[in-house]
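Read off the chains here:
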Amino acid sequence: MINKKRNIILFSLLGLVLLLMFFLDISLGSVTIPFKEVCTSLTGGNASKSTWEYIIINYRLPKAITAVLVGVGLSISGLLMQTLFRNPLAGPDVLGLSSGAILAVAVVILGAGLLPSFLNEIVLSAYGIVLASTLGSISVLLLVLLVAQRLRNTMAILIVGLMFGSFTSAIVGVLTYFSSAEQLQRFTFWSLGNLGNLPWTSIFVLAGCVGIGLFLSISSVKPLNALLLGENYAKSMGLNYKKAQLLIIFATSILAGSITAFAGPIAFIGLAVPHIAKLTFQTSNHAILYWSTFFYGAIIMLFCDIASQLPGLDTTLPINAITSIIGAPVVVWLLMKKRNFQ
């Protein structure tokens, strides 16, 4: 009973913090907009200045929504992977999905010079890069599902994902060696991640993909609890292990693949956030961990977006750099705090 009251209080606080961070993310930036004007614009009213309203509705609001979708999607997929592989350092990129997307985008950007000029413009457009990233993730997903059907050992699937990541890194290295400075710069900017510049149509597509992934993942809560004590225990409880494994892999693939396609590779969120949720709520019950990870993922990603904007200045730092700066110390601290890290 005490734990239930404590969880209700914690979830209420997380909900309030999420709303506060969402409004702060929209309020802060290179252009100072009063908090009252932000609330007026978001509730359907007209801001005092048309430029403020344009910035809020067409730039900051889409970016804040993207930050929430990215934070939630990566955090939940990280929770799924850590439980499935029973590895505290597993993340959403452990299956090689991000590597597949990176390889496809590298081929498009770094190899576009070999194409005719009219095709060059098409493939290097924003939608061309998103399509390439999506196809790269889907290709790796099909490969992982094929491997999962052939291999019984979950750790073998993990090793295949890591090896594919090493393979794609080598191919990308070869491509970068033969690329021009302009191509390298464009690929580097994409690899640093970007939450802004997404039109509403792209946000709706991303929200749909993340929604499907979250629906599949929440239906995996009971199988995830059964998997905590190992594959054999889960099977003895009547769990269809193969079906549960494929569902978890598919949910992670949709979440990580769609986010990488639209926002680029984002590091450390999927790795660090599930552990923060576990430490805060002191439970291994995924019915609670799912929602705590959901809230923490959105809050931390919004915080990273605020930090990347350097409020009051015109400079914007790469979001991937901020998540790594914040995420890496958190992981080290967790390892030191919990010596029997499991």
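A quick note: this is a predicted structure, and the numbers were derived from the prediction, not measured. (Residues numbered from 1 in each chain as written. Predicted model: local features only at pLDDT ≥ 70, side-chain atom pairs only at ≥ 80, totals over all residues. Heavy atoms only, no water.)

A. Structural context of the nonpolar core. Formed by 81 residues in total, the largest nonpolar core has its most connected members in Val70, Met81, Leu84, Phe85, Leu95 and Met301. A total of 14 residues in this core trace back to one element, the largest contributor, which is helix H3 (residues 50-84). Among the nonpolar cores identified, the runner-up in size contains nine residues, and Val105, Ala106, Ile109 and Phe187 belong to it. (Core = buried A, V, L, I, M, F, W, Y, C linked by side-chain atoms within 4.5 Å. Buried < 20%, exposed > 50% of the residue type's maximum accessible area, 1.4 Å probe, protein only. Helix = DSSP H or I, 4+ residues; strand = E, 2+ residues; numbered from the N terminus.)

B. Highlighting the side chain of glutamine 309. Looking at the secondary structure, you find glutamine 309 in helix H14 (residues 286-309). Residue contacts for glutamine 309: discarding those within four places in its chain leaves Asp25, Leu28, Gly29, Lys63, Thr315 and Thr316. (Contact = heavy atoms within 4.5 Å.)

C. Structural view of the packing of helix H9 (residues 200-218) against H14. Viewed as axis vectors pointing N to C, H9 and H14 meet at an angle of 155 degrees, and their least axial separation amounts to 11 Å. Taken together, the axes of H9 and H14 lie roughly antiparallel to each other. On the side of H9, the interface is formed by Leu214, Ser217 and Ile218, while H14 contributes Tyr290, Trp291 and Phe294. Its residues placed into classes, the contact of H9 with H14 shows five nonpolar, one polar and no charged. (Axes fitted to C-alpha atoms, helices over the stretch in contact; angles between N-to-C directions. Parallel < 35°, antiparallel > 145°, perpendicular 65-115°, else oblique. Nonpolar A, V, L, I, M, F, W, Y, C, P; charged D, E, K, R; others polar.)

D. Expanded view of the environment of leucine 198. Tracing the sequence through the fold places leucine 198 in the loop between helix H8 (181-191) and H9. We classify leucine 198 as buried; its relative accessible area is 13%. Sequence-wise, leucine 198 and leucine 227 are 29 residues apart; in three dimensions their C-alpha atoms are separated by 38 Å. Ignoring anything within four residues of it in the chain, the contact list for leucine 198 reads Pro62, Thr66, Ile203 and Phe262.

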